Every structure is written in C-alpha cells, then in structure tokens.
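A structural walkthrough
Spelled out from the first residue to the last, the chains are:
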Amino acid sequence: MKYRGIIFDLDGTLLNSLADLADAANATLAKMAFPTHPEKAYCYYVGDGVRTLVERILPPEKRQEEAVLEQFLSMYVEEYGKRWDQKTVPYPGIPEMLDQLQEMGLKLGVFSNKPAVFTKKCVEKLLGHWHFDTVVGQCEEIPKKPDPTGCFHIQNEWGLKTEEIAYCGDTATDMLTARQAGFFSFGVTWGFRPEEELRASGACRIVRHPREILSVIQEA
C-alpha cells in the first residue's frame, strides 16, 4: 500500500461546523451592533484563520481599526467557546471512512486553521471514537495554512516519506498547502467551497463521498 498516513483539514472536511461558526460570529456582530450575515456566506468567510474571519465579516469601515479587531476577536472566541459543539457533526460517510482507514493501519492527522485549543476539543469530543496520531491547530509555533509547516511537523513526527502521505481538504487553501508540502491532495466537494475552486487550485483528485478516498488509498 503506497499511502501510510493521511492528514485532514477539519472544518468542511471531517466536520460540518458551519452553523456553530456562523452563530458565534453573528452573535458577536449583534453584540457590537454590526450587521450579521447569512449562514451560507460563512462558507467563504471561514478557512483562513480566525483573524481573517473577523476581518472579512466586520463592516468595511471597521476592518482597519485594530482596537475594534482585537475587541471583536476576543468576544468571538468567547462566543464560539459557548457553542462550538452545539450543531457540529461529522459529515455523512466520515465515520465509516475513518473506521476503514484505522483498520488499514494508516496514521491519521489533522491540520486546521482553527485555533489549536478548539481544534483539539473538536477532535477529542466529536471524533473521539478514532485515534488521531497528530492534531495541529493554529498557534504561534506553526503558521496557518497555506504555509506547509504544519504538514512538515506531522510528517516528521510520523517518520514517513512525502509520497507516503495524502492530504484531504475542502478549500483552495488546503490544495495549496498540500501542493507546497508535496503531498497527494484530495479535494472534497461536500465542504464549504465548490468543485471549481478545488480544480482551479490543483487538487490531485476530486472526491464526492468519503468512500472514494478509501478506493484511492486501497488501489494505490
């Protein structure tokens, strides 16, 4: 078997977390008397780190005000801390796929732009049935994606060759991360971004259901 490990993005790939992310952000906007956004709009707001999310959802005239950014960021983290597990669930087919990957003996990892504390909480509570060898979220030590440092950190921990690792995500940021790390990339269509974005950003394989990932891993 060619692949011995697979790294997953979290939000939009393993977990459908959009509702909790949007609820927390809109609650913070409302508290600061700013306009809120439709839940679907958050498909394009999230994915590039919490500070970028805040910059995208604030009114344009407030995005350059550092004091506003810092206040909003603090309030948003507090709001998300109240509701991160209220509506978030694994996507259909993810549990069965993880069962099979674990039975096949692959190492499993997560590399997310979600703050590290929430990344680990989500994996522990919502994906706790499976053993993830390495879980990496956004922190000072590891730059956010598309910087591939987090991928290299996981690779070094695993002691695997570049060609033995696959990366799975749902955004252009994920595909660029995988390309810069030299990993084979799965672009998933059930997440936050359209198939066209994944193709344009160089996905090695477009998958429409988690079982397709298993097929590629088994046949490689």
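Everything below is about the structure shown above.
Quick look at the structure, then. (Residues numbered from 1 in each chain as written. Predicted model: local features only at pLDDT ≥ 70, side-chain atom pairs only at ≥ 80, totals over all residues. Heavy atoms only, no water.)

**Topic: empty space enclosed by the protein**
Put simply, the test is: Points on a 1 Å grid over protein atoms alone make up a cavity when a 1.4 Å probe fits among them but cannot get out, and a pocket when they form an open set with protein on both sides within 12 Å along at least five of seven lines; lining residues each have an atom within 4 Å of a point. Grid points are joined across faces, edges and corners, and a volume is the space filled by probe spheres set on the points. For helices the rule is a DSSP run of H or I covering at least 4 residues; for strands it is a run of E covering at least 2, with both sets numbered from the N terminus onward.
In the structure shown here, the tally under the stated rule is one cavity of 30 Å³ or more. Space inside the largest cavity adds up to approximately 260 Å³. Taken together, 22 residues line the largest cavity, and the ones lying closest to its centre are D11, V46, G47, N113 and K114. Elements with a minimum of two residues in the lining of the largest cavity: α3 (50–57), α4 (66–83) and β4 (107–115). Per-element tally for the lining of the largest cavity: the top contributor is β4, with four residues.

**What to know about the side chain of K145**
Heads up, the condition is: In protein, a polar contact requires one atom able to donate a hydrogen and another able to accept it; more generally it is a pair of N or O atoms within 3.5 Å, and residues adjacent in sequence count only if both atoms are side-chain atoms. Only heavy atoms enter the contact rule, under which two residues are in contact if any of them lie within 4.5 Å.
You can see K145 is positioned in the loop between β5 (134–138) and α7 (149–158). There is a polar contact of 2.9 Å between the side chain of K145 and the side chain of D9. Excluding residues within four positions of it along the chain, K145 makes contact with D9, F111, S112, N113, Y167, T173, D174 and T177.

**Things to note about the nonpolar core**
Basically, it comes down to this: The set of buried Ala, Val, Leu, Ile, Met, Phe, Trp, Tyr and Cys residues whose side-chain atoms join them within 4.5 Å is what this entry labels a nonpolar core. Categorising residues by exposure relies on relative accessible area from a 1.4 Å probe, with only protein chains included: less than 20% of the type maximum marks a residue as buried, more than 50% marks it as exposed, and the intermediate range marks it as partly exposed.
Counting 56 residues, the largest nonpolar core has I6, F8, L14 and F132 as its most contacted members. When residues no more than four places from it in sequence are discounted, the contact partners of F132 are F8, L14, L98, L108, G109, V110, V123 and L127. By size, the runner-up hydrophobic cluster in this structure holds 13 residues, among which are C151, L160, Y167 and F183.

**Quick word on the sheet that holds strand β8 (residues 205–207)**
We count it as follows: Pairing between strands requires that DSSP locate at least two bridges from one strand to the other. Each axis is a line fitted through C-alpha atoms, taken for helices only over the stretch in contact, and angles between the N-to-C directions span 0 to 180 degrees.
Here six strands make up an open sheet; going across it, the order is β5-β4-β1-β6-β7-β8 and the pairing parallel. Each edge of the open sheet is held by one strand with a lone partner, namely β5 and β8. Neighbouring strand axes in the sheet, compared pairwise and without regard to direction, differ in orientation by 20° on average. In this structure, strand β7 (residues 184–188) lies alongside β8, joined through three bridges in parallel fashion. Bridging from a neighbouring strand, F186 pairs with R205 of β8. Running over the sheet, helix α6 (residues 116–126) touches β4 and β5 and is turned about 135° from β4.

**Quick notes on the packing of helix α1 (residues 18–31) against α4**
Heads up, the rule is: By definition in this entry, angles of less than 35 degrees are roughly parallel, angles greater than 145 are roughly antiparallel, angles of 65 to 115 are roughly perpendicular, and the rest are oblique. Each helix crossing is assigned a hand: it is left-handed if the near helix lies turned anticlockwise from the far helix by less than a right angle, otherwise right-handed if that turn is clockwise.
Running from N to C, α1 and α4 cross one another at 135°; their axes reach a closest spacing of 8 Å. Put simply, α1 runs oblique to α4. For the pair α1 and α4, the sense of crossing is right-handed. Contacts from D20, L21, D23, A24, A25, A27, T28, L29 and K31 of α1 reach α4 at F72, M75, Y76, E79, Y80, K82 and R83.

**Side note on the environment of L15**
On the secondary structure map, L15 appears in strand β2 (residues 15–16). In this structure L15 comes out as buried when scored by relative accessible area, which is 0%. The sequence separation of L15 and E96 amounts to 81 residues, and the corresponding C-alpha distance is 14 Å. Apart from the residues lying within four places of it in its own chain, the contact partners of L15 are L10, T88, V89, P90, Y91, C122, L126 and L127.

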